[in-house]
Amino acid sequence: MYIFFSFQLLFIIFLGTLSVHAEEPVLVSTQPISEIIRYPNASATALVVSLNDTLLSSEVSGTIEKISVQVGQRVQTGQELLQLDNWEYRLQRDQAKSALDRLQAQLELVRKQYNRSAQLRQEGHASAELLEQRQSELTALQAQLIEQESILKAAQTRLNKSLLKAPFTGIVSQRLAQIGSWAAPGLPLIHLVDTEELELIAQVGSSEAKRLTGKEVWHFYWEGENYPLQLRIILPLEDPETKTRQARFLFSGAKPPPGANGQLQWQTTRPYLPPSVLVQRDGVLGIFLAHSGQALFHPLPDAQEGRAVPLLELPTEEIILSGREGLSHGTPIRITASP
């Protein structure tokens, strides 16, 4: 009986010892999160594209008489590119002009006759029927004159279109026609690439696109040169295979040539925690924070093993660094000097 009582006493003392040890705070070191967070750089492959990459054709038909540009030549807006043989269009224009001149002469004569008849009518020397006849002739000629002016304008337009001009400033990429060949409406003649209206296209991860705040500083690096950018739009469409969204940028200053393939870089404005401070509890990654003498586990649902994790908000508590390996949520702690 005495032996049994002694054994019970020793067991109670042993449990009491464990209870005392369980209540002892764990020594940890802490550091403000503001001293740990980083604003890393991000990057993506990007391509410079021209907004006007055009196969130019003539709106009228004819034999090509002259090609004024060569492949690789830079041209300005309105510069002559190609001339069709336009003798037929010149003839149509001249004929329309002659017909208009005859109508204008006839109209002048009929107007004088009408004015004379109106005067005679007032004096009582002409009938009302004669005045009405002159009025009818004058109205008919005025209508013919308007119609002929439209015919002349159309003929002049066809003549103008026999000369193909550059619709924008750019580089001649291809000559698809030769002198003496026949040009028909819609048949490609010259390939012109705009060098002024440019945009940069990049594929940004959908998760990264959601974290953008609009305050990022963007740059395009190509062949050792740095080109500042402005974000124009991130398309609200996701590629189901790559899980990316297309971002388009405008150049703030100097522009690289169309087709330049380089690196888009930007600095994030959202703080990131390094992966070295993460711990896992019950299958969830997070960090331990020091709060009123206790270790509080702060889960980070977006965290991934071995990768920096973005923070939506910065906790006010300091983060526990050394000593966190054996902690649980609510474990008493005692803070030593920060590392």
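Residues numbered from 1 in each chain as written. Predicted model: local features only at pLDDT ≥ 70, side-chain atom pairs only at ≥ 80, totals over all residues. Heavy atoms only, no water.

**Quick notes on the sheet that holds strand 9 (residues 170-175)**
By way of backbone hydrogen bonds, the strands of a sheet pair with one another, either parallel or antiparallel.
Logical step 1: The four strands are arranged 4-11-9-6 in an open sheet whose pairing can be described as antiparallel. Across the chains shown, the open sheet's two edge strands, defined by having one partner strand only, are strand 4 (53-57) and strand 6 (74-75).
Logical step 2: Sheet topology places strand 9 next to strand 11 (residues 188-194); five bridges connect them, and they run antiparallel. Looking at strand 11, one finds that isoleucine 171 is bridged to valine 193. (Pairing = 2+ DSSP bridges. Helix = DSSP H or I, 4+ residues; strand = E, 2+ residues; numbered from the N terminus.)

**Digging into the pattern of salt bridges**
Logical step 1: What the rule picks out here adds up to nine salt bridges.
Logical step 2: Across the pair glutamate 59 and lysine 161 runs a salt bridge whose closest N-O atoms are separated by 2.7 Å. Taken together, the positions of glutamate 59 in the loop between strand 4 and strand 5 (62-67) and lysine 161 in helix 3 (residues 128-161) put the pair 102 residues apart, joining distant regions of the chain.
Logical step 3: On the basis of relative accessibility, which here comes to 56%, the residue glutamate 59 falls in the exposed class.
Logical step 4: Glutamate 80 serves as the salt-bridge partner of lysine 66, at 3.8 Å between the closest nitrogen and oxygen. Remark: glutamate 80 occurs in strand 7 (residues 80-84) and lysine 66 occurs in strand 5; sequence separation between them is 14 residues.
Logical step 5: Note on lysine 66: relative accessible area 42%, which makes it partly exposed.
Logical step 6: Residue class for glutamate 80 comes out partly exposed when judged on its relative accessible area of 28%.
Logical step 7: A single salt-bridge network, built from bridges that share partners, covers Glu199, Arg232 and Arg248. (Salt bridge = Lys/Arg side-chain N within 4 Å of Asp/Glu carboxyl O. Buried < 20%, exposed > 50% of the residue type's maximum accessible area, 1.4 Å probe, protein only.)

**Brief notes about the packing of helix 2 (residues 87-123) against helix 3**
Logical step 1: Look at helix 2 against helix 3: their axes get within 8 Å of each other, and the N-to-C directions meet at 160°. It follows that helix 2 is roughly antiparallel to helix 3 by the angle criterion. Handedness of the helix 2/helix 3 crossing: left-handed.
Logical step 2: Its residues assigned to classes, the contact of helix 2 with helix 3 shows 19 nonpolar, ten polar and nine charged. (Axes fitted to C-alpha atoms, helices over the stretch in contact; angles between N-to-C directions. Parallel < 35°, antiparallel > 145°, perpendicular 65-115°, else oblique. Left-handed = near helix turned anticlockwise from the far one by under 90°. Nonpolar A, V, L, I, M, F, W, Y, C, P; charged D, E, K, R; others polar.)

**A closer look at unusual backbone geometry**
Logical step 1: The phi dihedral of glutamate 223 falls on the positive side, at around 50°, and the residue is not glycine.
Logical step 2: Non-glycine residue aspartate 282 carries a positive phi angle of around 55°.
Logical step 3: One can find aspartate 282 in the loop between strand 18 (279-281) and strand 19 (284-291).

**Notes on the nonpolar core**
Logical step 1: Counting 22 residues, the largest nonpolar core has Leu200, Phe220, Leu229, Phe249, Phe251, Leu264 and Trp266 as the members making the most contacts within it.
Logical step 2: Broken down by secondary-structure element, the contributors of at least two residues to this core are strand 3 (41-50), strand 12 (198-205), strand 13 (217-222), strand 14 (225-238), strand 15 (244-251) and strand 16 (261-267).
Logical step 3: When near neighbours in sequence (up to four residues on either side) are disregarded, phenylalanine 249 contacts Glu199, Leu200, Ala202, Trp218, Leu229, Gln230, Leu231, Arg232 and Leu264.
Logical step 4: Counting residues in each nonpolar core, the second largest holds 20 residues, with Leu56, Leu159, Ala183 and Leu192 among its members. (Core = buried A, V, L, I, M, F, W, Y, C linked by side-chain atoms within 4.5 Å. Contact = heavy atoms within 4.5 Å.)

**Description of empty space enclosed by the protein**
Logical step 1: One pass over the structure, following the stated rule, counts one cavity of 30 Å³ or more.
Logical step 2: Roughly 40 Å³ of internal volume is contained in the largest cavity.
Logical step 3: Contributing to the lining of the largest cavity are Glu208, Arg211, Leu212, Glu216, Thr268, Thr269, Arg270 and Tyr272.
Logical step 4: When grouped by side-chain class, the residues that make up the lining of the largest cavity number two nonpolar, two polar and four charged. (1 Å grid on protein atoms, 1.4 Å probe; cavity = no way out; pocket = protein on both sides within 12 Å on 5 of 7 lines; lining within 4 Å. Points joined across faces, edges and corners; volume = space filled by probe spheres on them.)

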